[in-house]
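# A closer look at the structure
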Amino acid sequence: MTEWSEFWDEELETMPGDKLEKLEGEKLREMIAWAYERTALYRRKFDQAGIRPADIRTREDLSKLPLTTYLEDFCHTPIPDKLAVPLEEVKIVSSTSGTVSGFTQPVLMTAGGWDEYVDLEARGRWTLGVRPDDVVQILSGFVCCERGHEQLGAMTLQAHSGRRNLDQQIKLGEVMGVTVLEHLPSMVLRYFERAKEMGIDIRKSQLRLVSGVGEGWAETYKKGIEAEYGIPFRTFYGSMEALGAGECEYGGGMHILGGGSLYEVIDIETQEVLPPGEEGELVVTPFHNRATPLIRYRTGDIASIGPHETCPCGRTHPKMSMVRGRVSQIIRMAGKKILPMDVEEVVAGIPEAGDEYQIIIDAPGELASLKLRLEPKPGVKESTLISRGEEAFNRELGVRCEIEVVPPGAIERALFKAQRVIKTFS
Ligand SMILES: [Zn+2]
């Protein structure tokens, strides 16, 4: 067996904190000047704020710069106003998922920018533990993910293999001796359950690692998978706009892919930058994207970022917590802010509840109680699930909840990202 290095880019990944900050500071200044000089969008935003690129010298100065919002700045700005290169230099057009605007938005990249992006995808997977002798089945459907594994040197079973049919994909995985499965976390469970129904024992297969992408997942579910199948589950975070972070074998969050983007956490109400460890909205300035630069882009994702410290894996890059939900999904109750991931952790811990659930938001503003739709596990009585559920929410989150029990299978299974928060008003 080949002994692989622990790192994709050892010098960068083990760089002392001060050196990394210096490197990121240089890239940041370059990107700010690039955006200001070449795009109408950033010239206007900086001028309105009375800031010149030369005013930004350190990371601390970054907070003087205006934030870039998804809807107004990213979606509503015409392409010519945000494009920093001649259109013919744009070689890759991808898109955002459209969860916020209801319509996907194009993400434009130059060939060089795409290469850097794919390299970050590879570095993230290496952090997760994927190596060139792995056979990787990628079912998330993201082409960028496939490219990352290819760049890393692994054998990849691509999304179209298996003709998008789960049974075929599982058979194909078995025949090819897949060692790494990459999927949306909510779909991994279905893959495993279906394999069981098909008489395939995942524990006896070659599979040794699950890479979760595209959405968060309750730690309780992850631990359940790890215990039942004996396979580590690690998470990769990123978006088409910026990458990202990956969980190493020591867990405790995901290492930010330092040098690739600069992440900050801001207070949702005041927009002030928060110190390490405090939870808020992730804001990112990616360094690869020279076609349509993004400076302090509000991701809408809620997480915290820890301090610079060396992990037992040897990496020095700070760890980001798992994403615990989106700003638009904050549930306000009894003076508290509750995140979808808080709800998922409680649901995952109710033995009588199935794995599918929905949070129903039927009015704006503060809610009197948390409305949930749950499916019972086989043989569980409706009244038992209701009382256990109410008790669990009261104990874990200190909130009152109303549970609607629906028959097993009644909650629509998502084909892509699971839709857990349902708003019934507009
Ligand atoms: Zn680590």
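Everything quoted here is computed from the prediction, not taken from an experiment. (Residues numbered from 1 in each chain as written. Predicted model: local features only at pLDDT ≥ 70, side-chain atom pairs only at ≥ 80, totals over all residues.)

### Re the overall build of the protein
- A count of helical and extended segments in the protein gives 12 helices and 19 strands.
- In terms of C-alpha radius of gyration, the protein reaches 22 Å, essentially the compact-globule figure of 22 Å for 426 residues.
- Referenced to the eigenvectors of the C-alpha coordinate spread, the extents of the protein come out at roughly 65 × 55 × 40 Å.
- Counting over 426 residues, the protein shows a buried share of 41%.
- In the protein, 63% of the contacts between residues at least 6 apart in sequence involve partners at least 24 apart. (Helix = DSSP H or I, 4+ residues; strand = E, 2+ residues; numbered from the N terminus. Rg over C-alpha atoms; globule rule 2.2 N^0.38 Å. Buried ≥ 20, exposed ≤ 12 C-beta atoms within 10 Å, placed from the backbone. Contact = placed C-beta atoms within 7 Å.)

### Notes on the domain arrangement of the protein
- Along its sequence, the protein is carved into domain 1 (10-116 + 241-327), domain 2 (129-238) and domain 3 (330-423).
- On a C-alpha basis, the centres of domain 1 and domain 3 stand 33 Å from each other.
- Contacts between domain 1 and domain 3 engage 4 residues on the former and 4 residues on the latter.
- Here the residues of the side of domain 1 that touches domain 3 sort into 2 nonpolar, 1 polar and 1 charged. (Domains from an automatic or database assignment. Nonpolar A, V, L, I, M, F, W, Y, C, P; charged D, E, K, R; others polar.)

### Structural notes on the sheet that holds strand β11 (residues 280-286)
- Taken in spatial order, the 3 strands line up as β10-β11-β12 in an open sheet, and their pairing is antiparallel. With partners counted over all chains shown, the strands left at the sheet margins are β10 (261-266) and β12 (297-303), one partner each. Within this sheet the neighbouring strands show an average axis-to-axis angle of 30 degrees, counted without direction.
- In this structure, β10 lies alongside β11, joined through 6 bridges in antiparallel fashion. Note on β11: the bridge partner recorded for Glu 264 is Val 283. (Pairing = 2+ DSSP bridges. Axes fitted to C-alpha atoms, helices over the stretch in contact; angles between N-to-C directions.)

### Here's the deal with the environment of Asp 134
- By the element assignment, Asp 134 lies in the loop between α6 (111-128) and β3 (135-138).
- As for Asp 134 and Val 180, which are separated by 46 residues in sequence, their C-alpha atoms are 6.7 Å apart.
- The residues touching Asp 134, leaving out its near neighbours within four places in the chain, are Ala 154, Thr 179 and Val 180.

### What to know about the nonpolar core
- Counting residues in each nonpolar core, the largest one holds 77 residues, and the members touching the most others are Val 130 and Met 320.
- When residues of this core are assigned to their parent elements, the largest contribution, 6 residues, is made by α6.
- Looking at this core, you find at least three residues from each of domain 1 (10-116 + 241-327) and domain 2 (129-238).
- By size, the runner-up hydrophobic cluster in this structure holds 18 residues, among which are Ile 331, Val 347, Ile 359 and Leu 370. (Core = buried A, V, L, I, M, F, W, Y, C linked by C-beta atoms within 7 Å.)

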